[in-house]
Amino acid sequence: TGAVRLPSGEVASVRSFVEQERNFSQADVEAMVAEQYKIMRALIPIHRQLQDQGQIEISTTPFYHPILPLLVDSDRATIDRPGATYPSRFISPVDAEAQVRLAIRHYSRCFGRKPRGMWPAEGAVSQFVLPFLAQQGVRWIASDHKVLAHSGRWGYRTDDPYVLCQPYRAVEGDAAISVFFRDTTLSDAIGFRYYSYSDYEQAAYDFVREVKERFAWRVTGDEDHLLTVVLDGENAWSAYREDARPFLHALYALLERDVEIQTVSFSEYLDGNPARCVAPHPLAEQTQVYDLFTGSWIDEYGSAPGVDLGTWIGEAEENRGWELLGRARRDLARSGATPETAPEAFDCLTFAEGSDWFWWFGDDQDSGNDAKFDELFRTHLKNVYRGAGLNPPAVLEGHIVPQTVVWTF
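The following refers to the structure shown. Nothing here was measured: the structure is a model prediction, and the numbers come from that model. Per chain, residues are indexed from 1 in the order of the written sequence. Local features in this predicted model are restricted to residues of pLDDT 70 or higher, and side-chain atom pairs are both shown and tallied only at a pLDDT of 80 or more, whereas totals for entire chains, interfaces and linings draw on every residue. The side-chain quantities take in all heavy atoms of the structure and omit both hydrogens and water.

Side note on the sheet that holds strand 7 (residues 287–289)
Quick reminder of the rule: We treat two strands as partners when DSSP finds at least two bridges between them. Per the convention used, a helix needs a DSSP run of H or I reaching at least four residues, while a strand needs a run of E reaching at least two, with both numbered from the N terminus.
Pairing is mixed across the open sheet formed by 5 strands, whose spatial order is 3-4-6-5-7. In this open sheet, the two edge strands, each paired with only one partner strand, are strand 3 (117–118) and strand 7. Across 2 bridges, the pairing between strand 3 and strand 4 (residues 140–144) is parallel. Considered in strand 4, the bridge of Met118 is made with Ile141.

Re a nonpolar patch on the surface
To keep things clear, this is the line we draw: Surface patches are defined over residues having more than 30% relative accessible area and no salt bridge, joining like charges when they lie within 9 Å and nonpolar side chains (Val, Leu, Ile, Met, Phe, Trp, Tyr) when within 5 Å. For every accessible area listed, the method is Shrake-Rupley and the probe measures 1.4 Å; residues are considered covered only by the protein chains on display. When a carboxyl oxygen of Asp or Glu is within 4 Å of a side-chain nitrogen of Lys or Arg, the pair counts as a salt bridge. When accessible area is computed with a 1.4 Å probe and restricted to protein chains, residues below 20% of their type maximum are described as buried, those above 50% as exposed, and intermediate ones as partly exposed.
Among the surface-exposed residues, Phe24, Val29, Val33, Tyr37, Met40 and Leu43 lie close enough to one another that they form a single nonpolar patch of about 520 Å² accessible area. For Tyr37, a relative accessible area of 45% translates into the label partly exposed.

Focus: the side chain of Glu317
Under the convention used in this document: When charges are counted, Lys and Arg contribute as positive and Asp and Glu as negative, whereas His and the chain ends are disregarded. When checking whether two residues touch, look at their non-hydrogen atoms; a contact exists if any pair is within 4.5 Å.
Looking at where Glu317 falls in the secondary structure, it is placed in helix 14 (residues 316–334). This buried residue, Glu317, is left without a salt bridge; Arg81 holds the nearest opposite charge, at 9.9 Å. What Glu317 contacts, discounting residues up to four positions off in sequence, is Phe361, Gly362, Ile400, Val401 and Pro402.

Description of the environment of Ala98
Structurally, Ala98 is set in helix 5 (residues 93–111). Here the alpha-carbon distance between Ala98 and Leu251, two residues 153 residues apart in the chain, equals 39 Å.

Description of the pattern of salt bridges
Tallying each qualifying case throughout the model produces 27 salt bridges. For the salt bridge of Arg22 with Glu21, the shortest nitrogen-to-oxygen distance reads 3.5 Å. Neither residue differs from the other here; Arg22 and Glu21 are each classed as exposed. For Glu260, the salt bridge is made with Lys212, and the minimal N-O distance between the two is 2.9 Å. Within this pair, whereas Glu260 is found in the loop between helix 12 (245–257) and helix 13 (266–271), its partner Lys212 is found in helix 10 (residues 200–214), the two being separated by 48 residues in sequence. What you see here is one network of salt bridges that share partners, running through Asp183, Arg193, Glu210 and Arg214.

Description of the nonpolar core
For clarity, the threshold we go by: Nonpolar cores are built from buried Ala, Val, Leu, Ile, Met, Phe, Trp, Tyr and Cys residues. Side-chain atoms within 4.5 Å join them into one set.
Leu133, Ile141, Tyr194, Leu325 and Phe377 are the most contacted members of the largest nonpolar core, which totals 95 residues. A per-element tally of this core places helix 10 first, with 6 residues. If sequence neighbours within four positions are ignored, Ile141 has contacts with Met118, Pro120, Val125, Leu130, Leu133, Ile177, Ser178, Val179 and Phe180.

Observations regarding the side chain of Glu300
Along the polypeptide, Glu300 turns up in the loop between strand 7 and helix 14. Contacts of Glu300, omitting those with residues within four sequence positions, involve Arg81, Asp308, Gly310, Thr311, Glu315 and Asp364.

Here's the deal with the pairing of strand 6 (residues 175–182)
Here strand 6 lies mainly inside the structure; 7 of its 8 residues are buried. Both strand 4 and strand 6 contribute to a ladder of 5 bridges, which runs parallel. Across the sheet, Trp140 pairs through a bridge with Ser178, a residue of strand 6. In terms of strand pairing, strand 5 (residues 168–172) meets strand 6 through 5 bridges, oriented antiparallel. Bridge pairing links Val171 to Ala176 in strand 6.

Brief notes about the packing of helix 14 against helix 15 (residues 343–352)
Rule in force here: Axis angles are defined between N-to-C directions and span 0 to 180 degrees, where every axis is a line fitted to C-alpha atoms and, for a helix, only to the segment in contact. Working rule for angles: under 35 degrees goes down as roughly parallel, over 145 as roughly antiparallel, 65 to 115 as roughly perpendicular, anything else as oblique. Left-handed describes a crossing whose near helix is turned anticlockwise from the far helix by less than a right angle; the clockwise case is right-handed. Each residue is assigned to one of three groups, with Ala, Val, Leu, Ile, Met, Phe, Trp, Tyr, Cys and Pro labelled nonpolar, Asp, Glu, Lys and Arg labelled charged, and all others, Gly among them, labelled polar.
The contact between helix 14 and helix 15 brings their axes to 11 Å, and the two run at 155°. Classified by the angle between their axes, helix 14 and helix 15 sit roughly antiparallel to one another. The way helix 14 lies across helix 15 gives a crossing that is left-handed. Contact residues: Leu325, Arg329 and Leu332 in helix 14; Ala345, Phe346, Leu349 and Ala352 in helix 15. Each residue belonging to the contact of helix 14 with helix 15 can be placed in one class, and the counts come to 6 nonpolar, no polar and 1 charged.

In structure tokens:
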């Protein structure tokens, strides 16, 4: 509870509030909020400091979290839910490139250097989006092991640790990039299972034991092998006691003491780190993955087994959203506006290309407030027109999600 100097240069302290305990005045509450803002302003400097010290690596995501394959060409989406159909074709490679470029620019502004890797939104990848990443200097991406399982002519045996536990070289034309594929079972254990343990030391032990039984003890020889674990942090930590601090302390302490397992960042594994005896694994020496599957880390509810893109396209509401987005994109292009002459229009367009609007459309996902997401989505599309000096078409007044009206006498 003492004063703490933050990486931002500010000093934060809550000692006086802890000691007072109760009977806080309006001024006290405002002072508490001011201390919280100090901590929030320090979040990016803290992460930048940790990255500069080599303790962590920070990745980024295409700027407004779009499903890149759908921006490049919606007709090439994988959808396999019964009754699913394609909307009118949405094709805008220039927008996919812009989403990657904007993310890199923002990251560089925050962290003083370009990112080395990128987590494509929802792990959604495809063979034909590789150039949009590699040409921007992205060295690695990551996705789900089921994408690897469906890649190539015959698929890959991802239950074999020799197959799964390595980075792959993905090539499209002159573009080449490293791809890491996560183990879903272990990732989901952290995200959705271990929080229910009463003993987090036991949870950490179970994680390490599974790493060894399923992977480490099944490989032989002196070569190292890399197991990838990726999860949505916001889905996990709030379900744990104390925001998962006891679990994470137990897990990292166990990993630190273990002589068979060494934690590394993706770039550290690719570049090598002599100080930690990590050998380099350059792109040219990696096994090539052929015909990278068009999929994500999510299998749409009600679809055939196997990852796909149906969570964001294929249902009537989702397709309606793509139709309206496509019309706005075409009208913006016909207007002659450019990102330089109409920046607000293009900002609203890229915002509307984000994945979350389409996540909540349709029956496969339900926010409990889908109508509000519908309203916000169409508001962004209206602002595309306004930003270009055009009148929004009347079609944007129509709801995508059915509206419920309740009245009483």
